[in-house]
Amino acid sequence: MSQRPDPDALLAKLATEGGATERGCLKVYLGMAAGVGKTYTMLSDGQEAKRRGEDVVVGFLQAHGRRETEDLAEGLERIPLKEIPYQGITLEEFDLDAALARKPGLVLVDELAHTNAPGSRHRRRWQDVQELLSAGINVATTVNIQHFESLNDVVAQITGIIVTETLPDSVIQEAQDVELIDLTPDELIHRIKEGKVYIPQKVDQALDGFFKKRNLVALRELALRRTAEAVDQQVRTFRAAEGVKESWHTSERLLVCIAPNKLSTHVVRAAHNMANALHEEWYAVTVESTRQVSEAEAKVVYEALRLAEQLGAKTSILSGAGIADEIVRFAQAHNITTIVVAKPVQPRWKEILFGSVVDSLVRHSGDINIHVIRGVDDGAPPANPLAVRNKTIDWRGWGLSVVTVALATVACGLLDPWVKEAGKSMIYLLAVATVGFSAGMAESAFASLLAILCLNYFFTAPRGTFQVANPQYYVVFTVLAAVSLSISALATRTREEGRQSALRARRTAALYELSRKLAATRSRREIAEFAAEQVRNVFECDAAVLIKSRKTGELFSAPGSRSGFENDDKEIAVANWVADRGTRAGRFTDTLPGSSGLYLPLNAEKGCVGVLAVLLGEGRALDGAWEHLLQTYANQLAVAIERTNLAKNSTETHLEVEREKLRSALLSTVSHDLRTPLAVIAGSADQLRSSTTLTDPHDRELAEAVATEAERLERQVRNLLDMTRLESGSIELRPEWQSIEELIGGALLRCEPVLAGRSVKVSLPQNLPLLRLDGELMEHVFINLFENAARHTPEGAYVHVTGDQKSGDVEILFENNGPCLIKGEEEMIFRKFARSASTKGRGSGLGLAICRSIVEAHGGAIWAQSIQPQGVRFVISLPLPDKAPEAPVEH
Amino acid sequence: MNTEPIRLLIIEDEAPIRRLIKASYGPTEAHVFEADTAEEGLRATARHNPEVILLDLGLPDQDGQEVCRQIREWSQTPIIVLSARGQERDKVAALDNGADDYITKPFNVGELQARIRAALRHGARLKTQAADVPFERGNIRIDVGGRLVFKGGVEVHLTPNEFKLLALLVRHAGMVLTHRQLLEEVWGPAYADELHYLRVYMGQLRHKLEDDPARPQLIRTESGVGYRLLVDG
């Protein structure tokens, strides 16, 4: 029995494939270095695609002044570059908006790793490419191996150059196709020497620097490996889809610990490479411990976490006193098989004194493997976290030490006659312990040193000197120091834990408060107002909530921020971008980082419902915990807004139903109450008219007038009601097979009296097909057209109806030789209450409007033309049904 | 001519309409009974045994369809339904529930009287079972018993189904037949919804019988309802 495919994997594959039909395909031309011919190959392929008939355009081309490359681009449509003024010069960038508007089949965008000029929408070009892909445009692009985020360290080690323009590996992993453009190092060096890659002045510089053969060999290996990995990935995708049993253990999970030091990003990259090579799921965590962390350290940790996220890790921020304990707990809860940590950077003595995280991890991790990675020596000394810490000396601690020890000395002096050295040392111990409880480690150490010196100088023999006669005092001094330091360490830790838990409690309380209030609030405005207020208070910043209108989809600022920063045109554009894409943008992000606010999308189940705009004060940074909390706020807010949206929708549907009921009730009442008396008037007048007892010609005339006018009024009311019904959509089309001839015949029968005196001729081809029409409504159209003809033509005029089958529809022509339409009236007469200037206001002005509504409801069209020299032609075009009905059978 | 006054029952809640109909007949021409609710209408039907019933579909106390059904349970008296325009579905339902014909408000009094006459004739035909009188209108002569059709004295050849259709219309001359009734009768119940059969056959019949098929003087289309064979007088 063959292995069943894993349903999750199948779903994922489906998502990728399903996405592929909407999302554009990405092809990456990968090279080990500049000059291997990536752009050249991309352009050749582009030309080839164009020959195949594809819609190919060049979005951006970095020709480096190479003629052959420029020549190759000949004949391909180019999107003009966007000029961005920057510090007095003009930078030329790929024009994303122009490309999106042009919407080609394939766009060639050179240099994927490029960093856009400040002021562009995205910070990096790969983000432009992502947007092209999500717009369903296929993209071909080029990139060199040194730009891969995860290879950043390796490349730095090989070449000694730190590449700043890196891109997340996931961008390349998404590519449907990765083509390696390979060249042996010797060939490349040869090409460089020939001046084919760089202009002659730069050749020597290049060959001495980056393009050393040693470098090229290593980079080539990296590129080959990466390509092999991409191929491997494809193979696995296919195998997974076909249910082939994987030959490796898939339950491997890797966890990388991030510490606030410079090694953190290196460790993350290394862990990513390991996880990738072994096809493992991986996590990145950091522990917010009791130790105070400076802003610079927090930034390092945050950046490492962001990097890990970009590289595909699941990230988490843990908190607790014991770093190792927390990590092990997390690892066990998530079935981690391997923990990756950096080699310790602190000196050995510190480890002995304070213990090391690595040691306790190794000791407590049970059956989890611990992988310790060496740090990379990048020449710079590892940043000392203490060095960047803002030092504000707490004079009170030091003062307390001095005062307490002085007091102890005074006390010992007073008690000197009665208390021996052992007792005095106890008094000093008390003093040192007191300091330890309230001051930090350094202060406690200082206090114990002071105490030892005082005890030694004043009270141990020989007094007045720092000499020690009896060696047992060394024991006393040591105990004194040890006790004071341990108490101080304990106390500091307790205080810090208290601070942390207070902070956590405050955040939890704030979140709880938010969800409680959100649950109790009904209107979106109130929700938004409250949430903005909370964000302002908890995060100490300015904030605004922008809600997406349910009808127009536009954003409106529900409660404005205090400074009104979000009302700036540029900021509005950012917010709209966020609302459309459902991803964050603005400050601290890679998209439109030039804007002043940070914009988080409020993503709910049914898409983005709004945007949370946050403005931090100048110089404030975004830290991990802060960001997590803000995101949680945004999530809560999104759910709350969606809930009110849904509630509102259901109320509106209900209202709509009620309104509809009322409308049809009104319609039928009006129709009944108006038409019954009218029917009686018309009927009575009709009887009177035909009565034999009515002999006075004058009375006869009156009866005639009542009868005709009542009939006319009846028609008017009928038209008005019909128009109202049609407009309110309460008429439902009931298409059936109809014969045009029959419908026109029926209409003619009804219109015979009004058409008296006109010569009516109907000549329809006998093979006119049956159409799917609502018979009553369509008969109504013909009746209106006949009545219209009767109204607008003098007696003796002709009305001629013809028909014709065109390719996709049937045309029916009503022609008369009445007065022509005045120019411009051809359209006007179909409007409601519009009357032709040539008539003296006899009709209701609704007949033709009704005709148009009905014909259009059938998917057809109706228009009018003047016939020269005299006459008007109405043309009705009705679509042919998809298939003709089957022919009747004769039994 | 029949000089006996006709017994007419009007079940209609609008008094002016009742009055209008009543006024259209001279005192010697008709006995008009009136009922303004369904309940009263049913009672009046039993008590007066009218020859024709005019039934409004929009009665205050009961659905007109239900009244139709109840009358049909014990009486074959022709029923003509009075209905407003736009209620084609109701009309068809009433006809399928046993009503014999309908007239749309506002109606022409002459037209109503013609319908009533047709209904009376139909009622008489049902009683005597005499269907052998040839039908004549204009230059058309239809002999149902002899399966012969003449136009201007010349025999017209019809296919069997064309003739079946025409014969059915003749049997109900002057009265409407719904699409469903025609289809079921001619092609069988399985074809009740094959409306295009009717459209095609009616077209053929008209082209064979009418002088101007686009202005039929013999078979009238009742839009959304069915067809009617027009009669003289």
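Calculation criteria
Residues numbered from 1 in each chain as written. Chains lettered and ligands numbered in written order. Predicted model: local features only at pLDDT ≥ 70, side-chain atom pairs only at ≥ 80, totals over all residues. Helix = DSSP H or I, 4+ residues; strand = E, 2+ residues; numbered from the N terminus. Buried ≥ 20, exposed ≤ 12 C-beta atoms within 10 Å, placed from the backbone. Contact = placed C-beta atoms within 7 Å. Pairing = 2+ DSSP bridges. Axes fitted to C-alpha atoms, helices over the stretch in contact; angles between N-to-C directions. Nonpolar A, V, L, I, M, F, W, Y, C, P; charged D, E, K, R; others polar. Parallel < 35°, antiparallel > 145°, perpendicular 65-115°, else oblique. Left-handed = near helix turned anticlockwise from the far one by under 90°. Core = buried A, V, L, I, M, F, W, Y, C linked by C-beta atoms within 7 Å. Domains from an automatic or database assignment. pLDDT = per-residue confidence, 0-100. Right-handed = clockwise from strand over helix to strand, strands pointing away.

Colleague: What is the right way to read the overall build of chain A from this model?
Modeller: Within chain A one finds 28 helices and 25 strands. Counting all 891 residues of chain A, 35% fall into the buried class. Considering only intrachain contacts with a sequence separation of at least 6, the fraction spanning at least 24 residues in chain A is 70%.

Colleague: How should I be thinking about the overall build of chain B in this particular structure?
Modeller: Across its full length, chain B holds eight helices and twelve strands. When burial is assessed residue by residue, chain B has 39% of its 233 residues classed as buried. Long-range pairs, those at least 24 residues apart, make up 57% of the contacts in chain B between residues at least 6 apart in sequence.

Colleague: Can you walk me through the sheet that holds strand 25 (residues 872-879) of chain A in this structure?
Modeller: Strands belonging to one sheet form pairs held by backbone hydrogen bonds; the direction of such a pair is parallel or antiparallel. Residue and element names in this part refer to chain A. The sheet built from five strands is open, its strands ordered 20-22-23-25-24 with mixed pairing. The outermost strands of the open sheet, each flanked by one partner alone, are strand 20 (759-763) and strand 24 (861-866). Sheet twist, expressed as the mean angle between neighbouring strand axes with direction ignored, is 15 degrees.

Colleague: Help me understand the interface of chain A and chain B in this model?
Modeller: One widely used convention gives an interface's size as the accessible area the parts lose upon coming together. Counting from both sides, the interface comprises 33 residues of chain A and, opposite them, 32 residues of chain B. Elements that contribute at least two residues to the side of chain A that touches chain B include exactly helix 23 (624-690), strand 19 (736-738), helix 25 (740-751) and helix 26 (775-792) of chain A. Per-element tally for the side of chain A that touches chain B: the top contributor is helix 23 of chain A, with twelve residues. Each residue belonging to the side of chain A that touches chain B can be placed in one class, and the counts come to 14 nonpolar, ten polar and nine charged.

Colleague: Explain the packing of helix 2 (residues 38-48) of chain B against helix 3 (residues 64-74) of chain B to me, please; I cannot follow it from the model alone.
Modeller: To characterise two packed helices, one gives the angle between the axes of the helices and the distance between these axes. Residue and element names in this part refer to chain B. Two elements in contact, helix 2 and helix 3, have axes whose closest approach is 11 Å; the angle formed by their N-to-C orientations is 20 degrees. Taken together, the axes of helix 2 and helix 3 are roughly parallel relative to one another. As helix 2 packs across helix 3, the resulting crossing turns out to be right-handed. Of helix 3, the residues touching helix 2 (which contributes Ala38, Gly41, Leu42 and Thr45) are Val67, Gln70 and Ile71. Residue composition of the contact of helix 2 with helix 3, by class: four nonpolar, three polar and no charged.

Colleague: Sorry if this is basic, but what is going on with unusual backbone geometry here?
Modeller: Both trends apply: most residues other than glycine have a negative phi, and most peptide bonds are in trans. All names here are of chain A. Residue Gln868 is joined to Pro869 through a cis peptide bond whose omega torsion reads -5 degrees. Tracing the sequence through the fold places Pro869 in the loop between strand 24 and strand 25. A positive phi angle, near 45 degrees, is found at Lys103, a position not held by glycine. Tracing the sequence through the fold places Lys103 in the loop between helix 4 (96-102) and strand 6 (106-109). In this structure, Asn335 is a non-glycine residue whose phi angle is positive, near 55 degrees. Mapped onto the secondary structure, Asn335 falls in the loop between helix 13 (323-333) and strand 12 (338-342). A count of 11 C-beta atoms within 10 Å places Asn335 in the exposed class.

Colleague: What is the right way to read the nonpolar core from this model?
Modeller: It is characteristic of soluble globular proteins that their nonpolar side chains tend to be buried jointly. Core analysis: the biggest nonpolar cluster contains 67 residues, and Ile11(B), Leu54(B), Leu55(B) and Val81(B) have the highest contact counts within it. Element by element, the count of residues in this core is highest for helix 8 (residues 195-209) of chain B, at six residues. If you count residues domain by domain, this core takes at least three from each of domain 1 (6-128) and domain 2 (135-229) of chain B. Residues within four places of Leu54(B) in sequence aside, it is in contact with Leu8(B), Leu9(B), Ile10(B), Ile11(B), Glu12(B), Ile21(B), Ile80(B) and Leu82(B). Met32(A), Val58(A), Trp126(A) and Val178(A) belong to the second-largest nonpolar core, a separate cluster that totals 52 residues.

Colleague: Sorry if this is basic, but what is going on with the pairing of strand 5 (residues 89-93) of chain A here?
Modeller: One face of the sheet, then the other: side chains in a regular strand alternate in exactly this way. Residue and element names in this part refer to chain A. Within strand 5, only zero of the five residues are buried, which leaves the element largely exposed. As paired elements, strand 4 (residues 82-86) and strand 5 share five bridges and run antiparallel to each other. Its bridge partner being in strand 5, Tyr86 is matched across the sheet by Ile89. Here strand 4 folds back onto strand 5 in antiparallel fashion, the turn holding two residues, of which Gln87 has a positive phi close to 45 degrees.

Colleague: Even after reading the chapter, I still don't get the sheet that holds strand 10 (residues 281-288) of chain A, so can you show me in this structure?
Modeller: Residue and element names in this part refer to chain A. Across the sheet, five strands lie side by side as 11-10-9-12-13; this open sheet has parallel pairing. Whereas interior strands pair on both sides, the edge strands pair on one side only; in this sheet they are strand 11 (314-319) and strand 13 (369-373). Strand-to-strand twist across the sheet, computed as the mean angle between neighbouring axes with direction ignored, equals 25 degrees. As judged from the three bridges shared by strand 9 (residues 253-258) and strand 12, these two strands associate in the parallel manner. Directly across from Leu255, in strand 12, lies its bridge partner Ile339. Along the sheet face, helix 11 (residues 263-277) touches strand 9, strand 10, strand 12 and strand 13 and points at about 175 degrees away from the line of strand 9. Seen against the sheet, helix 13 touches strand 9, strand 10, strand 11 and strand 12 and runs at an angle of roughly 150 degrees to strand 10.

Colleague: Teacher, can you tell me more about the environment of Ala49(A) here?
Modeller: Residue and element names in this part refer to chain A. For Ala49, the location among the structural elements is in helix 2 (residues 38-51). Judged by the 18 C-beta atoms lying within 10 Å of it, Ala49 falls in the partly exposed class. As a C-alpha pair, Ala49 and Gly105 span 56 residues in sequence and 10.0 Å in three-dimensional space. Setting aside anything within four residues of it in sequence, one finds Ala49 in contact with Glu54, Val56 and Leu106.

Colleague: Help me understand the confidence of the model for chain A, please; the structure alone is not making it clear to me.
Modeller: Low pLDDT marks stretches whose predicted atomic positions should not be read closely. All names here are of chain A. The pLDDT averaged across chain A works out to 80; a share of 90% of its residues lies at or above 70. Across chain A, element-level confidence peaks in strand 25 with a mean pLDDT of 93 and bottoms out in helix 16 (residues 385-388) with 32. Of the regions scoring below 50 in pLDDT, residues 14-21 engages in one contact with residues more than four places distant in sequence or in other chains. In the predicted structure, residues 245-250 sits below a pLDDT of 50 and forms two contacts with residues beyond four places in sequence or in another chain.

Colleague: I would appreciate a short explanation of the confidence of the model for chain B in the present structure.
Modeller: When pLDDT is averaged across chain B, the result is 87; 95% of the residues are at 70 or more. Across the interfaces of the predicted complex, the ipTM metric reaches 0.87, alongside a pTM of 0.48.

Colleague: Sorry if this is basic, but what is going on with the environment of Arg584(A) here?
Modeller: Residue and element names in this part refer to chain A. Within the element layout of this structure, Arg584 appears in the loop between helix 22 (569-581) and strand 16 (585-586). What makes Arg584 buried here is the crowd of 20 C-beta atoms within 10 Å. If we ignore the near neighbours within four places in the chain, the residues touching Arg584 are Val578, Thr589, Tyr599, Leu600 and Pro601.

Colleague: Please explain the pairing of strand 6 of chain A as it appears in this structure.
Modeller: Residue and element names in this part refer to chain A. The two faces of strand 6 match: Leu106 and Leu108 on one face and Val107 and Val109 on the other face are all buried. Where strand 2 (residues 56-60) meets strand 6, four bridges bridge the pair, whose relative direction is parallel. Across the sheet, Val58 pairs through a bridge with Leu108, a residue of strand 6. As defined by bridge partners, strand 6 adjoins strand 7 (residues 138-144) across four bridges and the pair is classed as parallel. Residue Leu106 lies in a different strand from strand 7, and its bridge partner there is Asn138. What joins strand 6 to strand 7 is helix 5 (residues 125-134), and the crossover it makes is right-handed.

Colleague: Teacher, can you tell me more about helix 5 of chain A here?
Modeller: Counting along an α-helix, one turn takes 3.6 residues, and residues three or four places apart therefore face a common direction. Residues and elements named next belong to chain A. For helix 5, the buried fraction is high: eight of the ten residues fall into the buried class. Taken together, the buried positions of helix 5 are occupied by Arg125, Trp126, Gln127, Asp128, Val129, Gln130, Leu132 and Leu133. In this structure, the buried side of helix 5 is in contact with strand 1 (26-31), helix 4, strand 6, strand 7 and helix 7 (169-173). A positive phi of about 85 degrees marks Gly136, the residue just after helix 5.

Colleague: Looking at this structure, how should I read the environment of Leu592(A)?
Modeller: Residues and elements named next belong to chain A. Locating Leu592 in the fold gives a position in the loop between strand 16 and strand 17 (598-604). On the neighbour-count criterion, Leu592 (23 C-beta atoms within 10 Å) is buried. With 474 residues separating them in the primary sequence, Leu592 and Pro118 have C-alpha atoms 8.8 Å apart. Apart from the residues lying within four places of it in its own chain, the contact partners of Leu592 are Arg121, Val574, Trp577, Ala585 and Gly586.

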